[in-house]
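Chain residues, written in single-letter form:
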There are 4 protein chains.
Amino acid sequence: MPGNSFGQLFRVTTAGESHGPGYVVIIDGVPPGLPLDVSDLQPDLDRRRPGQSKVTTQRDEADEPEILAGVFEGHTTGTAIAIRIANRDQRSRDYSDIQDKYRPGHADYTFDAKYGRRDYRGGGRSSARETAVRVAAGAVARKLLGGIGVRIVGYVRQVGPIVAEIDEPSSITLEQVETNIVRCPDAGAAERMIELIEQMRRDEDSIGGVAEIVATGVPPGWGEPVFDKLKADLGKAMFSLPAVLGVEYGAGFGVATARGSQNNDLFTTEGERITTSSNRHGGMLGGISSGLPIVVRCAVKPTSSLSRPQPTVTRDGEATTIRTRGRHDPCLLPRFVPMGEAMMAITLADHWLRQKSQCG
Amino acid sequence: MPGNSFGQLFRVTTAGESHGPGYVVIIDGVPPGLPLDVSDLQPDLDRRRPGQSKVTTQRDEADEPEILAGVFEGHTTGTAIAIRIANRDQRSRDYSDIQDKYRPGHADYTFDAKYGRRDYRGGGRSSARETAVRVAAGAVARKLLGGIGVRIVGYVRQVGPIVAEIDEPSSITLEQVETNIVRCPDAGAAERMIELIEQMRRDEDSIGGVAEIVATGVPPGWGEPVFDKLKADLGKAMFSLPAVLGVEYGAGFGVATARGSQNNDLFTTEGERITTSSNRHGGMLGGISSGLPIVVRCAVKPTSSLSRPQPTVTRDGEATTIRTRGRHDPCLLPRFVPMGEAMMAITLADHWLRQKSQCG
Amino acid sequence: MPGNSFGQLFRVTTAGESHGPGYVVIIDGVPPGLPLDVSDLQPDLDRRRPGQSKVTTQRDEADEPEILAGVFEGHTTGTAIAIRIANRDQRSRDYSDIQDKYRPGHADYTFDAKYGRRDYRGGGRSSARETAVRVAAGAVARKLLGGIGVRIVGYVRQVGPIVAEIDEPSSITLEQVETNIVRCPDAGAAERMIELIEQMRRDEDSIGGVAEIVATGVPPGWGEPVFDKLKADLGKAMFSLPAVLGVEYGAGFGVATARGSQNNDLFTTEGERITTSSNRHGGMLGGISSGLPIVVRCAVKPTSSLSRPQPTVTRDGEATTIRTRGRHDPCLLPRFVPMGEAMMAITLADHWLRQKSQCG
Amino acid sequence: MPGNSFGQLFRVTTAGESHGPGYVVIIDGVPPGLPLDVSDLQPDLDRRRPGQSKVTTQRDEADEPEILAGVFEGHTTGTAIAIRIANRDQRSRDYSDIQDKYRPGHADYTFDAKYGRRDYRGGGRSSARETAVRVAAGAVARKLLGGIGVRIVGYVRQVGPIVAEIDEPSSITLEQVETNIVRCPDAGAAERMIELIEQMRRDEDSIGGVAEIVATGVPPGWGEPVFDKLKADLGKAMFSLPAVLGVEYGAGFGVATARGSQNNDLFTTEGERITTSSNRHGGMLGGISSGLPIVVRCAVKPTSSLSRPQPTVTRDGEATTIRTRGRHDPCLLPRFVPMGEAMMAITLADHWLRQKSQCG
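Quick look at the structure, then.

Quick notes on the rules
- Residues numbered from 1 in each chain as written.
- Chains lettered and ligands numbered in written order.
- Predicted model: local features only at pLDDT ≥ 70, side-chain atom pairs only at ≥ 80, totals over all residues.
- Core = buried A, V, L, I, M, F, W, Y, C linked by C-beta atoms within 7 Å.
- Buried ≥ 20, exposed ≤ 12 C-beta atoms within 10 Å, placed from the backbone.
- Contact = placed C-beta atoms within 7 Å.
- Helix = DSSP H or I, 4+ residues; strand = E, 2+ residues; numbered from the N terminus.
- Pairing = 2+ DSSP bridges.
- Arc of directions from axis to C-beta.
- Least-squares fit on C-alpha atoms with pLDDT ≥ 70 in both.
- Nonpolar A, V, L, I, M, F, W, Y, C, P; charged D, E, K, R; others polar.
- Axes fitted to C-alpha atoms, helices over the stretch in contact; angles between N-to-C directions.
- Parallel < 35°, antiparallel > 145°, perpendicular 65-115°, else oblique.
- Left-handed = near helix turned anticlockwise from the far one by under 90°.

## Here we look at the nonpolar core
As a rule of thumb, soluble globular proteins bury nonpolar side chains together. With 456 residues, the main nonpolar core has A:Val24, B:Val24, B:Ile81, C:Val24, C:Ile81 and D:Val24 as its most contacted residues. The residues touching D:Val24, leaving out its near neighbours within four places in the chain, are B:Val24, B:Ile26, B:Leu68, B:Ala69, B:Ala82, D:Ala15, D:Gly16, D:Ala82, D:Arg84 and D:Val133.

## A few points about the interface of chain C and chain D
At the junction of the two partners, chain C supplies 89 residues and chain D supplies 89 residues. Elements with a contribution of two residues or more to the side of chain C that touches chain D: strand E1 (5–6), helix H3 (108–115), strand E10 (209–216), helix H7 (230–239), strand E11 (244–249), helix H8 (260–263), strand E12 (267–270) and strand E17 (310–313) of chain C. Of the pairings in the sheet, the one linking E11(C) to strand E11 (residues 244–249) of chain D comprises 3 bridges and is antiparallel in character. Across the sheet, C:Val247 pairs through a bridge with D:Val247, a residue of E11(D).

## With respect to helix H1 (residues 38–48) of chain D
Residues and elements named next belong to chain D. The set of residues buried in H1 consists of Leu41, Asp44, Leu45, Arg47 and Arg48. Considered in projection along H1, the buried side chains sweep an arc of 155° and stay on one side of the axis. Tucked into the core, H1 has its buried residues touching strand E4 (65–69), helix H4 (131–146) and helix H9 (333–359).

## A closer look at the relation of the copies chain D and chain B
Taken together, a rotation about one axis and a shift along it account for how the two chain copies relate. Rotating chain D by 180° about the axis while translating it 0.0 Å along that axis superimposes it on chain B, leaving an RMSD of 0.0 Å. Such values leave the two copies arranged in the relation of a two-fold axis. The share of interface residues of chain D whose copies in chain B are also at the interface is 100%, consistent with both copies meeting through the same surface.

## A few points about the interface of chain D and chain B
Between chain D and chain B, the contact holds 38 residues from the first and 38 residues from the second. When contributions to the side of chain D that touches chain B are tallied by element, the ones reaching two or more residues are strand E2 (11–16), strand E3 (22–28), E4 and strand E7 (81–86) of chain D. The residue makeup of the side of chain D that touches chain B, split by class, is 15 nonpolar, 16 polar and 7 charged.

## Some words on the environment of A:Glu341
Residues and elements named next belong to chain A. Tracing the sequence through the fold places Glu341 in helix H9 (residues 333–359). When the 28 C-beta atoms within 10 Å are taken as the criterion, Glu341 is described as buried. A C-alpha to C-alpha distance of 8.2 Å links Glu341 and Val214, two positions 127 residues apart in sequence. Apart from the residues lying within four places of it in its own chain, the contact partners of Glu341 are Gly138, Ile152, Gly154 and Ile213.

## Quick notes on the pairing of strand E8 (residues 151–159) of chain A
Here E8(A) lies mainly inside the structure; 8 of its 9 residues are buried. Adjacent in sequence and paired antiparallel, E8(A) and strand E9 (residues 162–163) of chain A are bridged by 2 residues, among which A:Gly160 carries a positive phi angle near 55°.

## Structural notes on the packing of H7(C) against helix H7 (residues 230–239) of chain D
In the contact formed by H7(C) and H7(D), the axes pass within 8 Å of each other and the chain directions differ by 160°. As far as their axial angle goes, H7(D) and H7(C) are roughly antiparallel. Seen along the crossing, H7(C) lies across H7(D) with a hand that is right-handed. Residue-level contacts link C:Lys231, C:Ala232, C:Asp233, C:Gly235, C:Lys236 and C:Phe239 of H7(C) to D:Lys231, D:Ala232, D:Asp233, D:Gly235, D:Lys236 and D:Phe239 of H7(D).

Right, dumping it as structure tokens:
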């Protein structure tokens with residue numbers, strides 16, 4: 001199938017470009033009877049939107065979703081839900097630069113190589129603005145999962161060399177995350193991250209980082225071996241987000257230097273319930289949820305758009321330089337958090353429905 | 001859909017358990033006219049098979065594939081290909097331990113939680129022995145891709161703290177990899193890795209590591225935004241393999257500490273061809289192949305099965321201990337290499353057909 | 001997957017309800033570079049729209065499509081296309097009847113049984129108004145296919161007992177079909193059909209019929225055995241349309257009384273080309289296109305909505321009567337023609353891309 | 001996706017050719033805990049197998065299934081089930097005729113047109129022998145459905161001009177069907193059908209017919225609008241079977257001449273239950289099961305293989321004649337019955353799981 005859909009039973013399909021009329025998402029497979037209106041979507045959209053703080057791009061777009069289908073009298077009907085987010089900021093500009101020159105780190109060249117043409121305005125289909133409708137779909141998934149006690153919280157774990165100290169990922173709350181504009185629950189680290197990001201803006205540069213997304217309350221048993229393991233589908237979900245170059249669970253790349261005798265999480269009981277005494281496995285064993293918190297970390301690259309001039313080539317291969325005018329995030333991480341949460345929510349909602357179908 | 005299939009147009013479906021009659025894979029979507037017989041499958045199966053060297057499990061299974069369908073007069077017909085690998089080693093054993101006790105790090109508990117029952121013999125469906133038929137399918141994909149100049153080579157990059165020095169991943173050849181039993185092209189590192197692995201066996205312990213898989217010759221343009229980006233589907237492919245807890249491309253988690261001005265690979269030309277002067281992006285931009293080598297690294301955990309006794313619980317939650325009798329790999333990495341290559345090949349073959357369908 | 005998508009590589013996903021804000025369709029997989037604007041969509045939408053003539057419902061809705069995504073500078077970009085058709089006629093009405101009473105022949109009861117709730121306004125999701133966006137998607141498919149010489153023409157073959165005489169289905173042109181409001185190329189039959197339909201309106205009754213849809217120019221080789229045979233996917237496409245209770249190809253149900261010696265279409269040559277001297281097989285052999293015209297007939301039931309009172313029950317099972325106020329088609333056939341053509345076009349576009357991917 | 005799979009959640013994938021090593025089916029998505037062994041599969045396979053009576057081909061093949069995966073200790077495990085049926089009768093023959101000449105009514109020409117090559121031995125992949133593994137998969141589906149009270153019975157409704165009189169399709173039992181070799185529950189008609197079929201054999205000719213397949217006990221609510229309506233997926237299932245040129249439900253093509261006032265099945269109650277007083281709708285309204293019996297009829301063409309010589313052309317387009325030596329069914333209907341039942345069972349099992357996932 002073409003690539004604009006995600007999920008098997010909770011199925012999200014998006015369309016739209018950065019500077020076209022707007023974005024549409026169709027969410028198919030949402031069970032009937034879920035209370036839903038735009039107020040369920042707005043909070044996460046506001047956390048993703050540009051212009052929200054001094055550490056993000058200063059562009060101002062209020063992403064206001066409109067529910068076009070699938071909701072009646074305040075509840076989902078079980079039929080396809082359509083949500084639209086119009087583009088407000090469609091003023092015509094001079095795109096001649098981006099039309100002919102390949103921005104380093106962006107998809108301009110590969111889109112041309114693939115399709116032979118592209119909507120070059122603001123990145124067109126490759127713009128991260130597309131994640132707005134993913135976040136809307138994620139809010140639906142999150143609401144659905146909330147009904148069975150699944151909670152998803154993401155935060156910034158690292159910006160450049162600054163790493164937050166987090167004792168227990170599953171204990172972090174949304175409130176803690178939202179206490180600062182960089183979305184890092186370690187207040188000291190957050191301050192230093194903000195400073196570093198502001199320095200980047202002054203330097204006409206950008207900086208990468210790591211986001212950590214945690215799901216608690218997922219019962220054991222979700223995930224479909226041998227290919228649609230939960231870790232496989234979650235990995236795909238995270239890698240489908242722009243700028244993600246690495247994904248890891250639990251101990252992650254740390255397993256490379258570990259011995260089995262240290263790395264194995266030992267089974268034990270908590271009351272009647274079987275559990276493990278540690279969570280190096282990141283909440284999935286054999287690709288199936290174990291009941292422990294699901295912990296995923298995403299490595300997000302520094303923004304490719306820079307205000308300083310960068311050497312590049314034109315479509316015809318002639319050497320030139322490009323500087324991205326306009327406003328961009330000096331660090332993607334603060335706005336990445338709701339995107340990561342959304343993809344986690346969509347993936348878990350999908351696997352919940354899959355588990356219900358076969359073993360329900 | 002249920003979870004035992006992978007790929008959209010080059011579609012692989014597997015069945016089989018570790019100690020049942022054997023494994024079957026159906027490969028649907030292979031174009032007609034590809035020369036194919038079992039001799040194309042055997043080499044990769046031999047690289048995956050147990051008992052191949054002193055650093056792997058000593059169990060001896062010659063995995064001999066049988067082509068049951070889809071090949072006629074030595075060529076694929078365009079119809080579904082079926083390949084069977086029978087289990088030779090089905091002697092009845094005493095499985096009472098594994099039947100009632102949950103092995104740490106394994107999927108025994110989560111399978112029970114999901115399905116309510118499981119084929120416990122040797123891990124049943126969760127056994128890594130399932131990858132044998134993936135490797136067979138990967139050999140078909142590899143042959144198909146070979147026809148258009150795509151070459152896939154994997155090797156062990158790290159075992160415990162020992163990291164191989166590799167100047168240029170895309171220059172490594174299969175021959176170099178196969179010069180030693182640990183499949184590491186850095187001879188000095190390979191020696192130390194072998195020593196470490198043997199130490200692990202003596203210690204009744206195991207050790208993790210990192211494998212690196214590289215594809216060269218992939219033309220720019222493969223990958224299907226926005227969800228089926230090549231990096232997303234490759235990520236899923238790798239995470240679908242047992243024991244993988246982390247996946248990264250190019251600079252990977254290193255992007256977290258990088259600045260945009262350092263991280264951006266700058267466009268330039270090589271003759272008529274547009275390319276980049278470095279490959280921190282791992283061969284994909286915007287999730288579409290850029291023409292540069294595709295470089296993926298997988299973090300593989302230390303074998304969970306240990307000969308030494310480990311505390312655990314029974315199905316009923318009673319505390320007990322388990323020691324995995326029998327023979328296992330003290331380090332999964334040497335045998336992981338052909339598995340990673342196979343999943344890379346399957347994913348690329350799939351995306352090649354997808355690219356042909358839409359933009360061909 | 002949920003049920004609101006059709007097609008594998010030319011993939012259509014719809015959302016929307018009869019009296020909600022409107023309808024949206026996302027068409028994923030359209031190759032880049034196809035010239036496209038709303039003027040390509042409007043003609044087929046006009047042929048489908050209500051109020052077009054005295055034999056259709058008198059309700060007046062001008063279905064004006066808006067392209068929201070996937071088209072740039074007048075050409076498709078290869079990314080997902082979104083088209084919206086807003087509902088104009090959303091004035092609030094008294095739906096108390098339809099809310100509580102089950103309309104005979106409609107999906108009110110089964111939607112309640114399935115989902116536990118439904119958008120009852122005008123049929124909600126079960127309304128045939130949903131086919132408007134299918135027709136828009138079909139126009140895109142038709143334009144794509146036109147580029148390789150595939151032409152699709154549908155017409156009304158039968159209304160009640162009146163059967164059109166058509167010597168050679170593949171010779172009928174769109175112009176011939178559009179010479180009369182009932183869309184029957186046999187002028188004499190058309191006149192009698194119109195009379196019968198007007199009689200039905202006077203009688204507060206409705207009448208069924210048969211539509212025939214013909215595709216010419218389809219090269220041999222499309223269709224994917226063994227399950228996605230072209231006849232299987234076309235059959236699904238047609239049965240997915242409202243009111244269709246029977247589908248047949250070529251000789252259709254006539255094969256039941258035929259002998260093999262009469263029924264076999266014999267192979268012969270036409271110049272260099274292999275063909276058959278007759279087309280009882282309807283253009284597909286073994287589920288693969290043969291190069292002969294593809295001929296499908298759909299049996300369409302009489303409109304279930306009647307102005308006369310009909311006995312029924314309420315949601316609570318109490319006996320009552322219902323009469324459908326408002327305006328409906330006394331015969332669905334004239335407006336069914338563009339719907340059938342659209343589903344034929346979508347199915348063929350999908351199979352063309354599938355053929356390209358594997359055998360291209 | 002390639003065409004050798006059917007179903008979304010109860011997913012069947014087949015491989016195999018008529019004169020290769022044999023057939024394999026993988027059934028993915030069967031819930032765990034279903035008691036299953038080969039004795040569940042054999043009865044339906046025996047009803048499908050050749051050589052079962054004087055009205056079928058005299059070739060003798062005992063189709064003995066072997067379960068290769070997915071069943072443990074007599075129960076399904078929830079993982080993929082693999083079933084193999086080996087070809088016994090693989091003796092080498094002279095296929096030169098069929099290799100170079102196109103058999104009228106068969107897929108020889110279209111396979112060549114599609115794939116450029118084909119396994120010509122006995123029809124290869126296009127042989128109806130492929131349905132053996134579908135029947136095995138259908139037996140699994142049937143057993144699953146039996147647990148919730150769904151019963152599927154098929155029979156021959158018509159052979160040539162001889163039409164069985166059946167008052168109430170849903171009252172027919174398997175026992176009644178199996179009282180005669182033609183599988184027609186109207187004993188008088190059955191006798192005449194047998195005579196006619198024997199006449200066909202003597203005439204070196206063949207005859208078509210109609211099979212009727214009925215499912216009872218399906219609860220209201222199965223089917224996934226707007227594309228995966230139950231009637232759409234069932235239609236696809238039936239048209240995916242060889243030789244089917246027409247499919248209809250309930251009143252079928254009879255709706256063409258019906259008025260709405262006669263055709264509407266009126267809602268009423270039976271105790272607490274809402275039902276309709278007649279079943280012209282064939283058990284589905286809006287493509288969702290209504291709780292009434294699901295009644296489908298398939299038009300099956302006369303066997304294309306004839307012992308008498310038929311004119312045709314070679315691959316090179318030269319005129320020639322062909323006579324199909326060997327033994328074939330003079331009428332496909334008696335052996336079609338279990339095939340139609342199998343596809344009905346697979347489709348219903350799939351839709352049951354789909355209904356559970358979303359509305360369960």
